[in-house]
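Examining the three-dimensional arrangement
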Amino acid sequence: MTRDADEIAPLAPSEKPTLRTIAEMTGFAIATVSRALADDPRIAKTTREKVAKAAKSVGYVPDRAARRLRTGRTQVVSLLLNTEHEFLGFTHEFLTGITDALRGTGYSVTVVPDQVGEDRLAPVRTILRNNLADGLLFTRTECFDPRARLLMESGFPFVSHGRTEFTTPHAWVDFDNEAFARAAVHRLVEKGRKRISLILPEDRFTFTQHLRYGFMSAVRETGVEYEIVTDVTLDSSTRAVSEALIERRQSPNPPDGYICVGEVMALVTLSALDDTGVTPGVEADVLAKRASPIFDNIRPRIETVFEDLRATGRAMSEMLLRRMAGEPPETLHVMFKPDAGFGDRS
């Protein structure tokens, strides 16, 4: 005979709820409870709802160790995260999207530091060797990323933030940086700018190639003068970037249009312009990619293009769940496009 959860006295604070606890609460067999919590469609919907209600009322959390022994799965997703990023709110927005998508799935996410200058394969090998996760997410993807190569060779589910140039298909989520760079050049030309400057990421990253191609395509189309700064990159220190920008401002024929691939670069650029007596929107214009509302509170206002990192993290997690469920990678691709129009910050 089954019983309602409300008929059972609450557990003592030190008592950990188990499958047996829920079985006693509901009157169902332990096996039935286990299958109901796994959302087994062979269990009646009313039974699954009653078991779920009982589990929630006592704060039941599945025993991961027991589940791992039974299924061979960890119920963990690992995120290789480089915290040095061009966006100020990258980690918060990205992780929020990931956890939103994983909520209610039984999966949790562990964050593993990914230092671009170090052996990027070391954490991947550790995860694979010790069976620490069922799937992997990573950022700052390289053209021929060694992490993607190892994971594909191992048959391990993963989703990359950014594409590679491997011919073997894999799951990825990306932002159309080529379209961003092309549109940014055209917009600055519309505003009357005659010489446009761009600081790129390191050459090994795939999005560097996309940015360069979009930028060069647009400057050829418009005939505008341009320069790609070569002595610093997107990952250089803010001091080095500032010094390079100031030196260029003090040289003959300086740029009067700046495309910034992220909020950090935009802030450094605005500071360098101010330090050299240049007013954005007057002697020069800055156009930036952003992921937060920070520029809503900075004067003078600049034009921006929004990259939704929360949606990116959500899409990557949803895709990884599908990949872990056995879906092939050929169609697991999402490309986010820049805004149809630039944010009106003038």
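In what follows, the accompanying structure is described. (Residues numbered from 1 in each chain as written. Predicted model: local features only at pLDDT ≥ 70, side-chain atom pairs only at ≥ 80, totals over all residues. Heavy atoms only, no water.)

1. Description of helix α11 (residues 263–275)
Compared with an ideal rise of 1.5 Å per residue, which puts 13 residues at 18 Å, α11 spans 18 Å between its outermost C-alpha atoms and is within 8% of the ideal. Among the residues of α11, those classed as buried are E263, M265, A266, V268, T269, L270, A272 and L273. Close packing links the buried residues of α11 with β6 (195–199), α10 (238–249), β8 (257–260) and β9 (285–290). Backbone geometry just downstream of α11 places G277 in the positive-phi region, at approximately 75°. (Helix = DSSP H or I, 4+ residues; strand = E, 2+ residues; numbered from the N terminus. Expected span 1.5 Å × (residues − 1). Buried < 20%, exposed > 50% of the residue type's maximum accessible area, 1.4 Å probe, protein only. Contact = heavy atoms within 4.5 Å.)

2. Things to note about the packing of aromatic side chains
Taken as a whole and assessed by the stated rule, the structure comprises 5 aromatic pairs. Between F144 and F166, the aromatic rings sit 5.5 Å apart at their centres with planes inclined by 75°, giving edge-to-face as the arrangement. Of this pair, F144 sits in the loop between β3 (135–138) and α7 (146–154) while F166 sits in the loop between β4 (158–161) and β5 (171–175), and the two are 22 residues apart along the sequence. Plain terms: the ring middles of F205 and F207 are 6.3 Å apart, the flat faces sit at 55° to each other, and that makes the pair tilted. Assigned by exposure class, F205 and F207 land together as buried. A cation over a ring is seen here: R163 above W172, with NZ or CZ 5.3 Å from the ring centre. One Lys or Arg, K289, reaches over the ring of F180 and ends 5.7 Å from the middle of that ring. (Phe/Tyr/Trp six-rings, centres within 6.5 Å; stacked < 30°, edge-to-face > 60°. Lys NZ or Arg CZ within 6 Å of the ring centre and 35° of its normal.)

3. Considerations on the sheet that holds β9
Read across the open sheet, the 5 strands follow the order β7-β6-β8-β9-β10; overall the sheet is parallel. Every other strand in the sheet has two partners, leaving β7 (225–229) and β10 (303–306) as the edge strands with one partner each. Each neighbouring strand pair of the sheet contributes to a mean axis angle of 15°, computed without reference to strand direction. Sheet analysis places β9 next to β10, joined by 4 bridges and oriented parallel. Across the sheet, L287 pairs through a bridge with E303, a residue of β10. Most of the contacts of α10 go to β6, to which it runs at about 165°, and overall it touches β6, β7 and β8. (Pairing = 2+ DSSP bridges. Axes fitted to C-alpha atoms, helices over the stretch in contact; angles between N-to-C directions.)

4. Digging into the packing of helix α1 (residues 19–26) against helix α3 (residues 45–58)
The relative placement of two packed helices is expressed as an angle between their axes plus a distance between the axes. Remark: α1 packs on α3, axes separated minimally by 10 Å, with the N-to-C direction vectors making an angle of 120°. As the angle between them shows, α1 and α3 are arranged oblique. The two elements α1 and α3 meet at a crossing, and its hand is right-handed. Only K50, V51, A54, A55, S57 and V58 of α3 make contact with α1, whose side of the interface consists of I22, M25 and T26. Among the residues making up the contact of α1 with α3, the classes are represented as 6 nonpolar, 2 polar and 1 charged. (Parallel < 35°, antiparallel > 145°, perpendicular 65-115°, else oblique. Left-handed = near helix turned anticlockwise from the far one by under 90°. Nonpolar A, V, L, I, M, F, W, Y, C, P; charged D, E, K, R; others polar.)

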